[in-house]
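Chains, contacts and geometry: an overview
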Amino acid sequence: DAGVIQSPRHEVTEMGQEVTLRCKPISGHNSLFWYRQTMMRGLELLIYFNNNVPIDDSGMPEDRFSAKMPNASFSTLKIQPSEPRDSAVYFCASSEADRGSVTQYFGPGTRLTVL
Amino acid sequence: GESVGLHLPTLSVQEGDNSIINCAYSNSASDYFIWYKQESGKGPQFIIDIRSNMDKRQGQRVTVLLNKTVKHLSLQIAATQPGDSAVYFCAETGGSNYKLTFGKGTLLTVNP
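The following refers to the structure shown. (Residues numbered from 1 in each chain as written. Chains lettered and ligands numbered in written order. Predicted model: local features only at pLDDT ≥ 70, side-chain atom pairs only at ≥ 80, totals over all residues. Heavy atoms only, no water.)

**Concerning the overall build of chain A**
To keep things clear, this is the line we draw: Numbering of helices and strands starts at the N terminus; helices are DSSP runs of H or I of at least 4 residues and strands are runs of E of at least 2. Using C-alpha atoms as the atom set, the radius of gyration is obtained and then compared with a globule rule of 2.2 Å times the number of residues to the power 0.38. Buried, partly exposed and exposed residues are distinguished by accessible area as a fraction of the type maximum, computed with a 1.4 Å probe on protein chains only: under 20%, between the cut-offs, and over 50%, respectively. The criterion used for residue contact is that any of the two residues' heavy atoms lie within 4.5 Å. Only four residue types enter the charge count: Lys and Arg as positive, Asp and Glu as negative, with His and the chain ends excluded. To locate a charge, take NZ of a lysine, CZ of an arginine, CG of an aspartate or CD of a glutamate.
Across its full length, chain A holds zero helices and 11 strands. Start at the N end of chain A and walk to the C end: the helices and strands fall as β-β-β-β-β-β-β-β-β-β-β. For 115 residues, the compact-globule estimate of 2.2 N^0.38 gives 13 Å, and chain A sits close to it at 13 Å. Classification of the 115 residues of chain A by burial places 50% in the buried group. Taking all contacts inside chain A whose residues are at least 6 apart in sequence as the whole, residues at least 24 apart take part in 55%. Here chain A contributes 11 positively and 13 negatively charged side chains, and the mean placements of these two sets differ by 3 Å.

Following this line, the structure appears as structure tokens:
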């Protein structure tokens with residue numbers, strides 16, 4: 001079975017540019033999470049979707065960050081405009097939280113570098 | 001606030017030895033705990049989990065121990081192999097039915 005799929009795997013952009021990260025959760029999973037990982041802060045939850053609806057976005061750093069989930073098999077995380085401090089690895093994870101399983105399965109991540 | 005933390009940020013062992021990675025948690029409402037392994041350049045990978053109504057759970061070469069009295073979780077890896085070298089994270093639910101709180105991670109290095 002395919003796991004969580006993320007694209008691109010690497011992104012290098014210049015400050016001020018728009019960045020869009022993409023995620024396809026595991027088929028049948030109804031919960032999706034976006035995380036950011038840095039050496040200083042570790043893994044931080046940015047936003048959580050359940051059945052395509054954003055439930056908890058308290059971890060989104062600021063208005064420059066936005067996330068959407070138009071359907072059960074696709075989500076995007078957008079940063080506009082990007083800043084050097086946004087450089088990190090961004091992970092998407094999915095789970096079957098609605099069915100009592102909180103175990104999250106992670107994608108390979110997108111390494112973002114903002115120059 | 002409530003948090004999950006790790007006692008040791010790094011652990012170095014010889015190949016073939018047993019490894020023990022520790023984790024302290026502070027949220028007494030947590031009822032589910034997970035250990036993840038993260039290799040360089042990859043996402044965290046599920047290893048083993050345990051519910052709060054259990055003290056011990058065994059997998060293949062791995063054992064998780066839970067001591068609710070002192071809010072301590074450990075991961076034991078038997079006969080550690082070079083492929084076990086990675087960062088290990090503990091995670092707990094903190095009373096949530098969907099959210100996981102992750103510890104900072106422990107870097108395990110296995111020397112041949």
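Once the structure has been displayed, the description carries forward.
**Some remarks on the environment of Tyr36 of chain B**
Under the convention used in this document: Here a polar contact is recorded for every N or O atom pair within 3.5 Å, except that within protein the pair must consist of a potential hydrogen donor and a potential acceptor, and residues adjacent in sequence are included only if both atoms are side-chain atoms.
As for its position among the elements, Tyr36 of chain B is in strand 4 (residues 32-38). Reaching out from Tyr36 of chain B, the side chain makes a polar contact with the backbone oxygen of Gln104 of chain A at a distance of 2.6 Å.

**Observations regarding the pairing of strand 9 (residues 86-92) of chain B**
Residues and elements named next belong to chain B. Note the cut-off: At least two bridges found by DSSP between two strands are what make those strands a pair.
Burial analysis of strand 9 places six of its seven residues in the buried class, which makes it a mostly covered element. Pairing of strand 4 with strand 9, which is carried by six bridges, proceeds in the antiparallel orientation. Across the sheet, the residue bridging to Gln38 is Val87, located in strand 9. Where strand 9 and strand 11 (residues 106-111) come together, three bridges link them in antiparallel fashion. Bridge pairing in strand 11 places Ala86 opposite Leu108. In this structure, strand 9 lies alongside strand 10 (residues 101-102), joined through two bridges in antiparallel fashion. From the neighbouring strand, Ala91 faces strand 10, where its bridge partner is Phe102.

Note that every value here comes from positions in space, so none of it alone points to a role or purpose.
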